[in-house]
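A look at the structure
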Amino acid sequence: MDKGKPVDDVYQMLSESGYADKAIQYFQSKENFGVIEDADQVTDLTGPCGDTMKISLKVDGDKIHDAKIQVLGCPGAVASGCALIGLAKGKSLQEAAAIDLDALYRELEKMPDQKVHCARLAIKTLQKTLEEYHGRQSDRTATGEK
Ligand code: FES
């Protein structure tokens, strides 16, 4: 049996199937994974593939103070979700809503072609989260709540 450095089988499989190192790092570190207990908004979305993402946001003024994501899905979904949250944190709500597939792919560097829909699901989940947050803010304004 080989007693040398253990080979990271998952890394190797992902690398061979077309994931860049950066995308694999996001998948393996699960950076930005989790839930914010006292979130201002929590929204989930299930894609046509059946995978689900849930984003929680903490908003300060018009800025995303903190954000986390939970993903029940494939490595492409986990990598995309974690990278997207990293991009969105600290941005204004408007800037976060404008993050598109190109920007997310620049951050991930490369994923297999058949994983584009996973990145798209992450973006749609963030956009839905922001829309629902705005909706709740408008309802509060309409009812005079602070
Ligand atoms: Fe469903 Fe990747 S296969 S998000």
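Presented here is an overview of the structure given in this document. (Residues numbered from 1 in each chain as written. Predicted model: local features only at pLDDT ≥ 70, side-chain atom pairs only at ≥ 80, totals over all residues. Heavy atoms only, no water.)

**Some details on helix α3 (residues 75–88)**
With 14 residues, α3 should reach 20 Å at 1.5 Å per residue; the first-to-last C-alpha distance of 20 Å fits that figure. With 12 of 14 residues buried, α3 lies mostly within the body of the structure. Among the residues of α3, those classed as buried are Gly 76, Ala 77, Val 78, Ala 79, Ser 80, Gly 81, Cys 82, Ala 83, Leu 84, Ile 85, Leu 87 and Ala 88. The secondary structure elements touched by the buried residues of α3 are α2 (21–29), β2 (52–60), β3 (63–72), α4 (93–97), α5 (101–108) and α6 (116–143). (Helix = DSSP H or I, 4+ residues; strand = E, 2+ residues; numbered from the N terminus. Expected span 1.5 Å × (residues − 1). Buried < 20%, exposed > 50% of the residue type's maximum accessible area, 1.4 Å probe, protein only. Contact = heavy atoms within 4.5 Å.)

**Some thoughts on the packing of aromatic side chains**
Given two aromatic rings, their pairing is described by the distance between the two centres and the angle made by the two planes. By the definition in use, this model includes zero aromatic pairs. Over the ring of Phe 27 we find Lys 30, and its NZ or CZ is 4.2 Å from the ring centre. (Phe/Tyr/Trp six-rings, centres within 6.5 Å; stacked < 30°, edge-to-face > 60°. Lys NZ or Arg CZ within 6 Å of the ring centre and 35° of its normal.)

**A closer look at the nonpolar core**
Counting 40 residues, the largest nonpolar core has Ile 64, Leu 104, Leu 108 and Met 111 as its most contacted members. Every element with two or more residues in this core is listed here: α2, β2, β3, α3, α4, α5 and α6. The residues touching Leu 108, leaving out its near neighbours within four places in the chain, are Ala 20, Lys 22, Ala 23, Tyr 26, Ala 79, Ser 80 and Ala 83. (Core = buried A, V, L, I, M, F, W, Y, C linked by side-chain atoms within 4.5 Å.)

**Observations concerning the sheet that holds β3**
As summarised here, the arrangement of the three strands in space is β1-β2-β3, forming an open sheet in which the pairing is antiparallel. Of all strands in the sheet, those bounded by a partner on one side alone are β1 (41–46) and β3. Neighbour-to-neighbour, the strand axes of this sheet turn through a mean angle of 20°, independent of strand direction. With nine bridges joining them, β2 and β3 adopt antiparallel strand pairing. Looking at the pairing, Lys 54 lines up with Gln 70 of β3. (Pairing = 2+ DSSP bridges. Axes fitted to C-alpha atoms, helices over the stretch in contact; angles between N-to-C directions.)

**A closer look at the pairing of β2**
As defined by bridge partners, β1 adjoins β2 across six bridges and the pair is classed as antiparallel. The residue of β2 that forms the bridge with Leu 45 is Met 53. Counting the residues that bridge the hairpin from β1 to β2 gives five residues, and of these Gly 50 lies at a positive phi of roughly 100°. Joining the antiparallel neighbours β2 and β3 is a turn of two residues, in which Gly 61 adopts a positive phi near 65°.

**What to know about the pattern of salt bridges**
Enumeration over the complete set of coordinates arrives at four salt bridges. A salt bridge links Lys 22 to Glu 107, with the shortest nitrogen-to-oxygen separation between them at 3.4 Å. Of this pair, Lys 22 sits in helix α2 while Glu 107 sits in helix α5, and the two are 85 residues apart along the sequence. Since its relative accessible area comes to 27%, Lys 22 is described here as partly exposed. Because the salt bridges share partners, they merge into one network encompassing Asp 38, Asp 40 and Lys 58. (Salt bridge = Lys/Arg side-chain N within 4 Å of Asp/Glu carboxyl O.)

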